[in-house]
Amino acid sequence: MDSEVTPVHTEITLVVNGTEHRLRVDTRASLLDTLREDLGLTGSKKGCDHGQCGACTVLLDGRRANACLALAVAHDGAEVVTVEGLARDGRLSPLQEAFIEQDGFQCGYCTPGQLCSATAVLDEADRGWPSAVTGDLSADPVLDDDEIRERMSGNLCRCGAYMGIVRAVREAARKTETEEARA
Amino acid sequence: MTDRLESREKVTGAARYAYEYPLENPAYAAAVQSTIAKGEIAEVHADAALRIPGVLAVLSCENAPHLHDAGDAELALFQSRTVAYRGQFVAAVVAETLDIAREAARHVRVDYVSEPFDVRLSADDPRLYKPDKVNPVFPADTEQGDPEEAFTNSAVRVDATYTTPAEHNNPMEPHTTAAQWNDDGTLTLYDSTQGSSPTQETIAQVFGLDRTHVRVIAPHVGGGFGSKGTPRPNVVLAAMAAGAVGRPVKFAVPRQQMFATTGYRTPTIQRFRLGADADGTLNAIVHEVFEQSSTVTEFAEQTATPTRVVYRAANRRTAHRLARLDVPTPSWMRAPGETPGMFAQESAMDELAFAAGVDPVELRIRNDTDTEPESGLPFSSRNLVACLREGADRFGWEHRDPAPGVRWEGRKLVGMGVAASTYPAYMRPNKATARAEEDGTFTVRIAAADIGTGARTALTLIAAEALKADADRVTVEIGDSALPQATVAGGSAGTASWGTAVVRACESLRGKMNGSVPPGGLEASADTAAELEGRDAYARHAFGAQFSEVEVDADTGEVRVRRMLGVFAAGRIINPKTARSQFIGGMTMGIGMALMEESVMDPRFGDYVNRDLAQYHVPACADVRDIDAAWVEEADPHLNPMGSKGIGEIGIVGAAASVANAVHHATGVRVRDLPITPARLLPLL
Ligand code: FES
Ligand code: FES
């Protein structure tokens, strides 16, 4: 038997949405397939399996990543948040609520990726990270529509829900800000 | 303004799509595609793949079970050694995991005897022929008056050739099936389909089963845009594989494989001639279309059919010519026919407006008609003029200086364009049941599909209205062929067709209830077949006017759409919230068509070369700045009990022409070949 085609398995640990999982993974398996097929967390979607559509976006150790491009074996010990982990105790996050309110989706297939991406966008802006369209790199970026569109452009939506997505992110950003100001 | 009923499931990841059902001990399939464009399979070498631990089976023409003819030769999977196009499925591996299946598929070696092939569409190909009909049932050619003579004698003439490229639907959810054969010989399919009943029917035929022995489950589907309207070979592959290994099998077509196997919009070459009086009044309209199908099946896109509907002219001709090439089989893509056809027509109208010195909005109003031009039938309702006026008003058209290529903003050229759109209001027969419980709740059942259209929500509103009940007391069950038989989510006919069956079932239930529900509940059913047969003769179409403002970078040739507005006349709008999204979604795809979408055929290998989402560009978030949709009030008593026309497709119809016309207004350059990429535009600036 060719050694190249004999599967090699490795044990890893993943903390997904706060729950620790001990797993034996094929070293070729993507994080996306591991989540979907091994852990039954099918919220993360596979649109291209090539890092080109964003449907598989998850938060990997706090930052957004395409789970289809991450090999599970390379992320032993990682903390992963998927769309299933965005709501707290059954309460939707402000972004999830805003997506419903603004009709930021149609078929819903890109939506988990959009939501994970948008969650990271709010965080990235909060940390002052600029984007390609940020004018003043030293000032705190303001999530206006141009910024949101730029930062959300790694997540394709073939249904064309972008108008609603941008409104939803804008609204959630505003809500989060107000809450922070209050706190 | 009702939220989508499945919103919560969709934003929490709980909504299950075809690949995502928990199955007992599933196996995984991966497909092998042909590497030649035409020829015969000499031998399939499966041994190397079969030796890989975890591989359960390799299927090909050498061992596939016999399938039955279901009227679509694309579904005759592995039934012959003939290869009809590059990328055709020639073998499949079934394995314990997806990784093993994919790896093993690379180890299946197929020997071919290849033959010379031809994948080039051209308007002077001697093999072009006139099909018996174009989709679905229209004549290929029509003629009235003396169009050649009238054209020659017209004071103002436009004679131009437009081309549109092959385009791929690319729904975000790939074509996916999970198949399971049950102990009693029945087949269960979790499938990404636009119609569970039609898929049930077709797949039952393929496997020689009674229709009721196949069940297709599809409550959530990740878009389709036509490409999931009829089952593709992947459905057969999954079912065949599940039979071969005696376990459930999951198969999602990898994005790269979708470009050959799951359908696309045919490229078109269209010669469009308009002859008019000096004031722009049309005398002659001639629309000649050249397009392709594969050698597998005849798929004749109805590209010139909208030309038979929109403008008045005494002398007219439309013609379709088809070439059967060694290419993948084209299929349905959002507003098939209308979309490429109206790009040509509405570009030609813009050229005519310019040539005649008439405002483009005014030109369209001037050539409006009360009766459908070719059939002579009265329209059930037609409000194209109202859409044009309302749109022009909202968009600020009155401030538009007609001169092209003169508005500079820095290094950007700015312009505005308009185009009309139209789409037929089809209706198809359907069945539904409605049930009342003693506690005042209702359940309505119909095998309709919600592929992102908002159908579940719209049908619930329709049912609630017919039942005179609050919507939260009504549950509508869809997306399962075990429910009363329904037609496909296609042709923008879903809501009208299903909704009518739902209304009739609910009316019948109310009649039976007589104010109260007996213990055990009450049920009523409806079948709209008879009702549809007796309809009065009207031309039933939705209309719209679409406006774009673009900026063109004079140094790079990059076109950006600053604003787009569509105003539509589509009967009664059932749920404004989801309807607006559908219109805007269609226009977004129209921006893709105008500026970036193009599947490039490689004549050396006979395949589309840009086979993924990095190379086949669809609009991203930053491409969409400001798109809005509005509609005019339209009461049309000749449609259906809701008074609705379909809205899923019309949004894309005029979008590309409105952008191309705006590019002309901005730059003075007429681009007749889509998409308007910087590479195409810059040399002309
Ligand atoms: S599935 Fe990962 S980016 Fe498309
Ligand atoms: S909602 Fe369908 S792809 Fe985004």
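In this text the structure is predicted, and so the values were computed from the model without any measurement. (Residues numbered from 1 in each chain as written. Chains lettered and ligands numbered in written order. Predicted model: local features only at pLDDT ≥ 70, side-chain atom pairs only at ≥ 80, totals over all residues. Heavy atoms only, no water.)

Novice: Is there a simple way to think about the overall build of chain A in this case?
Specialist: Per the secondary structure count, chain A includes five helices and five strands. Radius of gyration (C-alpha) of chain A: 17 Å, near the 16 Å computed for a compact globule of 183 residues. Counting only C-alpha atoms, chain A reaches 60 × 35 × 35 Å along its principal axes. With 183 residues in all, chain A has 56% of them scored as buried. In chain A, the share of contacts with a sequence separation of at least 24, taken over all contacts with a separation of at least 6, comes to 53%. (Helix = DSSP H or I, 4+ residues; strand = E, 2+ residues; numbered from the N terminus. Rg over C-alpha atoms; globule rule 2.2 N^0.38 Å. Buried < 20%, exposed > 50% of the residue type's maximum accessible area, 1.4 Å probe, protein only. Contact = heavy atoms within 4.5 Å.)

Novice: What is the right way to look at the domain arrangement of chain B in this model?
Specialist: The accessible area lost on association of the parts is a frequent measure of interface size. Residues and elements named next belong to chain B. What the domain assignment lists for chain B is domain 1 (16-116 + 174-221 + 228-261), domain 2 (142-167 + 265-425 + 538-684) and domain 3 (431-533). With centres defined by C-alpha atoms, the gap from domain 1 to domain 2 works out at 37 Å. Counting residues at the interface gives 14 residues for domain 1 and 18 residues for domain 2. Summed over both sides, the interface between domain 1 and domain 2 buries roughly 1,400 Å², with carbon and sulfur atoms accounting for 59% of that surface. The three residues of domain 1 that bury the most area against domain 2 are Ala-84, Arg-86 and Phe-259, which together make up 39% of that side's buried surface. Remark: the boundary between domain 1 and domain 2 carries one salt bridge. Two residues, Asp-607 and Arg-86, come together in a salt bridge whose shortest N-O distance is 3.5 Å. (Domains from an automatic or database assignment. Buried area = accessible area lost by both parts, 1.4 Å probe. Salt bridge = Lys/Arg side-chain N within 4 Å of Asp/Glu carboxyl O.)

Novice: Before we go on, may I ask you to explain the sheet that holds strand 2 (residues 39-45) of chain B in this structure?
Specialist: Sheets are built from strands paired through backbone hydrogen bonds, the pairs being either parallel or antiparallel. Residue and element names in this part refer to chain B. Read from one edge to the other, the open sheet built from three strands follows the order 4-2-6, with strand pairing classed as antiparallel. Where the open sheet ends on each side, the last strands, each with one partner, are strand 4 (82-83) and strand 6 (109-114). Of the strand pairs in this sheet, strand 2 and strand 4 are connected by two bridges, and their pairing is antiparallel. In the sheet register, Glu-40 faces strand 4, and the bridge partner there is Thr-82. (Pairing = 2+ DSSP bridges.)

Novice: Would you take a moment to explain the interface of chain B and chain A for this structure?
Specialist: Between chain B and chain A, the contact holds 63 residues from the first and 51 residues from the second. Buried surface at the junction of chain B and chain A, both sides included, amounts to about 4,700 Å², of which 56% is carbon and sulfur. On the chain B side of the contact with chain A, B:Val11, B:Met172 and B:Cys621 bury the most area, a combined 17% of that side's loss. The interface formed by chain B and chain A includes seven salt bridges. Across the pair B:Glu103 and A:Arg28 runs a salt bridge whose closest N-O atoms are separated by 3.9 Å.

Novice: Would you take a moment to explain a negative patch on the surface for this structure?
Specialist: Residues and elements named next belong to chain A. Taken together, the side chains of Asp-126, Asp-140, Glu-177, Glu-179 and Glu-180 define an acidic patch exposed on the protein surface. Mapped onto the secondary structure, Asp-126 falls in helix 3 (residues 111-126). Note on Asp-126: relative accessible area 52%, which makes it exposed. (Patch = residues over 30% accessible without salt bridge, like charges linked within 9 Å, V, L, I, M, F, W, Y side chains within 5 Å. Areas by Shrake-Rupley, 256 points an atom, 1.4 Å probe, with all protein chains shown as cover. Lys, Arg positive; Asp, Glu negative; His and termini not counted. Charge placed at Lys NZ, Arg CZ, Asp CG, Glu CD.)

Novice: What am I meant to see in the packing of aromatic side chains here?
Specialist: The geometry of an aromatic ring pair is captured by two quantities: the separation of the ring centres and the angle between the planes. Residues and elements named next belong to chain B. This structure, assessed with the given rule, holds 15 aromatic pairs over all chains. Taking 4.3 Å as the distance between ring centres and 20° as the angle between the ring planes, the aromatic pair formed by Tyr-21 and Tyr-190 counts as stacked. With Tyr-21 in the loop between helix 1 (7-12) and strand 1 (27-33) and Tyr-190 in strand 10 (residues 187-191), the pair connects residues that are 169 residues apart, well separated along the chain. Of the two residues, Tyr-21 and Tyr-190, neither departs from the other in class, the shared state being buried. Ring plane angle 85° and centroid distance 6.2 Å describe the contact between Tyr-423 and Tyr-426, whose orientation is recorded as edge-to-face. Since its relative accessible area comes to 3%, Tyr-423 is described here as buried. Aromatic ring contacts, followed pair by pair, group Phe-395, Trp-397 and Phe-547 into a single cluster. Taking the ring centre of Phe-151 as reference, the NZ or CZ of Arg-157 above it sits at 5.9 Å. It is Arg-273 that lies over the ring of Phe-151; its NZ or CZ is 5.5 Å from the centre. (Phe/Tyr/Trp six-rings, centres within 6.5 Å; stacked < 30°, edge-to-face > 60°. Lys NZ or Arg CZ within 6 Å of the ring centre and 35° of its normal.)

Novice: How do you make sense of the UniProt feature "domain: Aldehyde oxidase/xanthine dehydrogenase a/b hammerhead" (unreviewed entry) in chain B when you look at a structure like this?
Specialist: Mapped onto the present numbering, the UniProt feature "domain: Aldehyde oxidase/xanthine dehydrogenase a/b hammerhead" (unreviewed entry) falls at residues 12-116 of chain B. Within the segment residues 12-116 of chain B, helix and strand shares are 13% and 33% respectively, and the terminal C-alpha atoms sit 52 Å apart. (UniProt positions renumbered as here; feature names shortened; annotations may be inferred.)

Novice: Would you mind going over the pattern of salt bridges with me for this structure?
Specialist: If charged atoms from side chains of opposite charge come close, those side chains can pair. Counted by the stated rule, this structure contains 63 salt bridges over all chains. A salt bridge links A:Glu37 to B:Lys250; the nearest nitrogen and oxygen atoms lie 2.9 Å apart. A residue pair is termed interchain when its members come from two chains, as with A:Glu37 in helix 1 (residues 31-38) and B:Lys250 in strand 12 (residues 249-252). The salt bridge partner of B:Arg435 is B:Glu437, with a shortest N-O separation of 2.9 Å. Taking relative accessible area as the criterion, B:Arg435 reaches 19% and is therefore assigned buried. According to the relative accessible area criterion, B:Glu437 is partly exposed, its value standing at 24%. Connected through shared salt-bridge partners, B:Glu409, B:Lys412, B:Glu549, B:Glu551, B:Arg562, B:Arg563 and B:Arg625 make up one network.

Novice: What is the right way to look at the environment of B:Thr307 in this model?
Specialist: Residues and elements named next belong to chain B. Turning to its location among the elements, Thr-307 is positioned in the loop between strand 14 (282-294) and strand 15 (315-325). Taking the C-alpha atoms as reference points, Thr-307 and His-287, 20 residues apart in sequence, are found 7.3 Å from one another. In contact with Thr-307, not counting residues within four places along its chain, are Phe-272, Ile-285, His-287, Arg-316, Thr-318 and Gln-345. In terms of polar contacts, Thr-307 uses its side chain to reach the side chain of His-287, at 2.7 Å. (Polar contact = N/O pair within 3.5 Å; in protein donor to acceptor, adjacent residues only side chain to side chain.)

Novice: Is there a simple way to explain the packing of helix 3 of chain A against helix 5 (residues 162-182) of chain A in this structure?
Specialist: Axis angle and axis distance: for two packed helices, these are the angle between their axes and the distance between the axes, and together they describe the pair. Residues and elements named next belong to chain A. Two elements in contact, helix 3 and helix 5, have axes whose closest approach is 11 Å; the angle formed by their N-to-C orientations is 45°. With respect to helix 5, the element helix 3 is oriented oblique. Judged by the twist between their axes, the crossing of helix 3 over helix 5 is right-handed. Two secondary-structure elements touch here, helix 3 through Gln-114, Ala-118, Leu-122 and Asp-126 and helix 5 through Ile-165, Val-169, Ala-172, Ala-173, Thr-176 and Glu-180. Partitioned by chemical class, the residues of the contact of helix 3 with helix 5 number six nonpolar, two polar and two charged. (Axes fitted to C-alpha atoms, helices over the stretch in contact; angles between N-to-C directions. Parallel < 35°, antiparallel > 145°, perpendicular 65-115°, else oblique. Left-handed = near helix turned anticlockwise from the far one by under 90°. Nonpolar A, V, L, I, M, F, W, Y, C, P; charged D, E, K, R; others polar.)

Novice: Whenever I open this one, unusual backbone geometry confuses me. Can you help?
Specialist: Glycine aside, residues mostly have negative phi angles, and peptide bonds mostly take the trans form. All names here are of chain B. Residues Asn-135 and Pro-136 are joined by a peptide bond in cis, for which omega reads -20°. Here Pro-136 is to be found in the loop between strand 6 and strand 7 (142-144). Residue Pro-675 is reached from Leu-674 by a cis peptide bond, and omega for that bond is -5°. Residue position: Pro-675 is located in the loop between helix 16 (655-667) and helix 17 (678-681).

Novice: Help me understand the side chain of A:Asp33, please; the structure alone is not making it clear to me.
Specialist: You can see A:Asp33 is positioned in helix 1. Side chain to side chain, A:Asp33 and A:Lys46 meet in a polar contact 2.9 Å long. Not counting chain neighbours up to four residues away, the residues in contact with A:Asp33 comprise A:Asp38, A:Lys46 and B:Leu98.

Novice: So what exactly am I meant to see when it comes to the side chain of B:Glu346 here?
Specialist: All names here are of chain B. Within the fold, Glu-346 resides in helix 8 (residues 338-356). Since its relative accessible area comes to 0%, Glu-346 is described here as buried. At 3.2 Å, the side chain of Glu-346 forms a polar contact with the side chain of Gln-345. With sequence-adjacent residues up to four places away left out, Glu-346 is seen in contact with Tyr-311, Arg-364, Ala-419, Ala-420, Ala-657 and Asn-661.

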